[in-house]
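# Descriptive analysis of the structure
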Amino acid sequence: MALAGIVAGFLIRKSIAERKIGNAEELAKKIVEDASKEAETRKKEILLEAKEEIHRMRLESERENRERRLEVQKQEKRLLQKEESIDKKADALERREEAFNKRLKELEKKEILIDELYDKQVKELERLSGLTSEEAKELLLNDIRKEIAHESALLIKEAEIRVKEEAEKKAREVIACAIQKCAADYVAESTVTVVSLPNDEMKGRIIGREGRNIRTLETLTGIDLIIDDTPEAVVLSGFDPIRREIARIALEKLIVDGRIHPARIEEMVERAKKEVEKSIIEEGEQAAFEAGVHGLHAELIKLLGRLKYRSSYGQNVLRHSIEVAHLAGVMAAELGADVKVAKRAGLLHDIGKAVDHEMEGPHVDIGVELARRYKESKEVIHCIAAHHGDVEPKTVEAVLVQAADAISAARPGARRETLEAYIKRLEKLEEIADSFDGIEKSFAIQAGRELRIMVKPDELDDNEIVLVAREIVKKIESELDYPGQIKVNVIRETRAIEYAK
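Residues numbered from 1 in each chain as written. Predicted model: local features only at pLDDT ≥ 70, side-chain atom pairs only at ≥ 80, totals over all residues. Heavy atoms only, no water.

## A short note on the sheet that holds strand E7 (residues 450-455)
Read from one edge of the open sheet, three strands run E6-E7-E8, paired in mixed fashion. Strands at the two margins of the open sheet, each flanked by one partner only, are strand E6 (439-445) and strand E8 (487-491). Going across the sheet, the axis of each strand differs from the next one's by a mean of 15 degrees, ignoring polarity. The pairing of E7 with E8 spans five bridges and is classified as parallel. Bridge pairing in E8 links Ile 453 to Val 490. (Pairing = 2+ DSSP bridges. Helix = DSSP H or I, 4+ residues; strand = E, 2+ residues; numbered from the N terminus. Axes fitted to C-alpha atoms, helices over the stretch in contact; angles between N-to-C directions.)

## Let's talk about helix H8 (residues 317-335)
Two residues of an α-helix separated by three or four positions point the same way, owing to the 3.6 residues in each turn. Spanning 19 residues, H8 covers 26 Å between terminal C-alpha atoms, matching the ideal 27 Å at 1.5 Å per step. Gly 336, located one to two residues past H8, shows a positive phi value of around 75 degrees. (Expected span 1.5 Å × (residues − 1).)

## Description of the confidence of the model for the protein chain
Residues with a pLDDT of 70 or more make up 89% of the protein chain, whose mean pLDDT is 81. Highest mean pLDDT in the protein chain belongs to helix H11 (residues 378-386) (89); lowest belongs to strand E4 (residues 311-312) (70). Low pLDDT (under 50) marks residues 183-189, which in the prediction has 19 contacts with non-local residues, meaning those over four places away or in another chain. (pLDDT = per-residue confidence, 0-100. Contact = heavy atoms within 4.5 Å.)

## Structural notes on a nonpolar patch on the surface
Where nonpolar side chains cluster on the molecular surface, the patch consists of Leu 3, Val 7, Phe 10 and Leu 11 and spans about 420 Å² of accessible area. Here Leu 3 shows up in helix H1 (residues 2-129). With relative accessibility at 64%, the residue Leu 3 sits in the exposed group. (Patch = residues over 30% accessible without salt bridge, like charges linked within 9 Å, V, L, I, M, F, W, Y side chains within 5 Å. Areas by Shrake-Rupley, 256 points an atom, 1.4 Å probe, with all protein chains shown as cover. Salt bridge = Lys/Arg side-chain N within 4 Å of Asp/Glu carboxyl O. Buried < 20%, exposed > 50% of the residue type's maximum accessible area, 1.4 Å probe, protein only.)

## Remarks on the pattern of salt bridges
Inspection of every chain in the model, using the stated rule, returns 21 salt bridges. Between Glu 45 and Arg 42 there is a salt bridge whose closest N-O contact spans 3.2 Å. Residue Glu 45 and its partner Arg 42 are located together in helix H1, separated by three residues, close to a single helical turn. With a relative accessible area of 45%, Arg 42 lands in the partly exposed category. The partner of Glu 267 in a salt bridge is Arg 264, and the shortest N-O contact between them spans 3.0 Å. With Glu 267 and Arg 264 both in helix H6 (residues 262-291), this residue pair falls three residues apart, about one helical turn. Residue class for Glu 267 comes out partly exposed when judged on its relative accessible area of 33%.

## Digging into the packing of helix H5 (residues 241-257) against H6
Here H5 crosses H6 at 130 degrees, and the two axes come no closer than 8 Å. By the criterion of interaxial angle, the relationship of H5 to H6 is oblique. In this structure, H5 meets H6 at a crossing whose hand is right-handed. Across the interface between the two elements, Ile 242, Glu 245, Ile 246, Ile 249, Ala 250, Lys 253, Leu 254 and Asp 257 of H5 pack against Arg 264, Ile 265, Met 268, Val 269, Ala 272, Lys 273, Glu 275, Val 276 and Ile 280 of H6. (Parallel < 35°, antiparallel > 145°, perpendicular 65-115°, else oblique. Left-handed = near helix turned anticlockwise from the far one by under 90°.)

Written out as C-alpha cells, the structure reads:
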C-alpha cells in the first residue's frame, strides 16, 4: 500500500512537472516572438528617423549653398563696379596729365618771355637811373637795413617794456616778501676799540714800571695799546677783531680787579680767551638757530661765531650771513626751490672770512675748502663757490644765494665805502655815458643807483635812444664793479625857446 502510494505520488508530481515545463516553453516562445516583433518595429522606426535626418541635412546644405552663391554673386558685382570706377579715374587722370603738360609748356613759354621782358626792364632802369643793378641792390639793402633797425628798435622797446613789467612785478613780490620777513641789525666795526677808565691815574698803572705791564698785555694779546692825552680812555688797535676783544675783556677785568702786574695780566688774558671762545660757540649756535639750519659740524659752528668779530665795509659778517640765509630761504620757498640748501648755503657763504687773516687766498676759495673739509653737500659747496660769480651758478639755489648776498650788501646803510672810491665810481659812470655819440650831459644820482642821461634830440630819435641805453648798460656791466643794480635813464626832449624883446 505504501509503495503504491509512493508510486502514485511520484507519477502525479511528474505529471504536474511536465505540465509546468510545457507552459514555460510556451511562455518563452511567446516572449521571443514578442521581442522579435518589437525589435523589428524599433528597427523600422530608427531607419525612418535616419531618413528624416538625412533629408533635413540635405535641405540645410542646399540652403547654405544657395546663400554662398548669392554672396559670391554680390562680391563679383562689387568688384566689377570697382574696376569700372578705377578705369574711369585712370581716364580722368590721363586727361588731367595731358592738361597739366600742356599748361606746363605754356608756362615755360611765358617764363622765357618774362625773363626777356625783365632783362629789357633792368637795362632800361639802369639807363634811366644811371645805376647798375648791383648799385641799385646795395641802395635798396641800405634802405631795408634802416627799416629793419627801426622796426627792431620798436620790437626791442615793446619786448623790454613787457618783460620788465612782468619780471619786475614778480621780482618785487619775491624780494619784498623776503626783505619783509628779515630784519637783521647791522654793527659797524673798525680796527680800534676804546676802553673807558675810571680816572687818568689808571693809565700809569696800565703802563707799569718801565712799561712792563703794557708790554706784557701787548705780547699776550697781539694788540697795540694806545695811551695818549684822551681823558679817561685807552685805545686798543689791531686788525684781528677776536684778539682785540680778548684784550678788551682782559683790560676791563684788570681795571675792575685793580691788581695790574704781569702774572695777573697773564691770568686775565687766559680767562678772556676762554670767555671769547665760549662766546664764539654760543654766537655760532645762536646764528644757526636763528637761520633755522641744523646739523652743522662743531668746527663750522665755531667759525660762524668768529664772524661776529669780523666786518666787511662796516657790515657785521655774522648778521649779514644770517640775513642772507633768511633772504635766500624765503625766495627759495616762493620759487619752489630747496629751502634747506638755500638757507644752509646762505649762512655759510662767507664762512671763509672767519679765517681769511690766517689762510692764504680769497675768502670764497677758503670757504669752499672749509665746507669740503667738514662734509657739506655738493649743492652747498657750489653755492659758496658761485656767490661772487667766480663760478657760473648751475642751480637755482646758487643764484638765490648770489642774489640774497647782493641784496643784503646793497641795502642802504648796510655797507660803508671810502669817499674816494665812491666818488671814483660816480665819475666812471658819467664818463661811460659821455663816451657815446649824441649824449649832451649825464648825471650819476641817488648815490650811484641811477644814471640820468640827456641826449641831443636832433642827433638821436626816440627809437635810437633805446639802443643807446642798452649799449650803455652793457658797457657799465663790463667795465664797472658796483653793488646792487644801476638804473640807466635816457631822456630825450625837444625845447622851443624864444625871447620877447
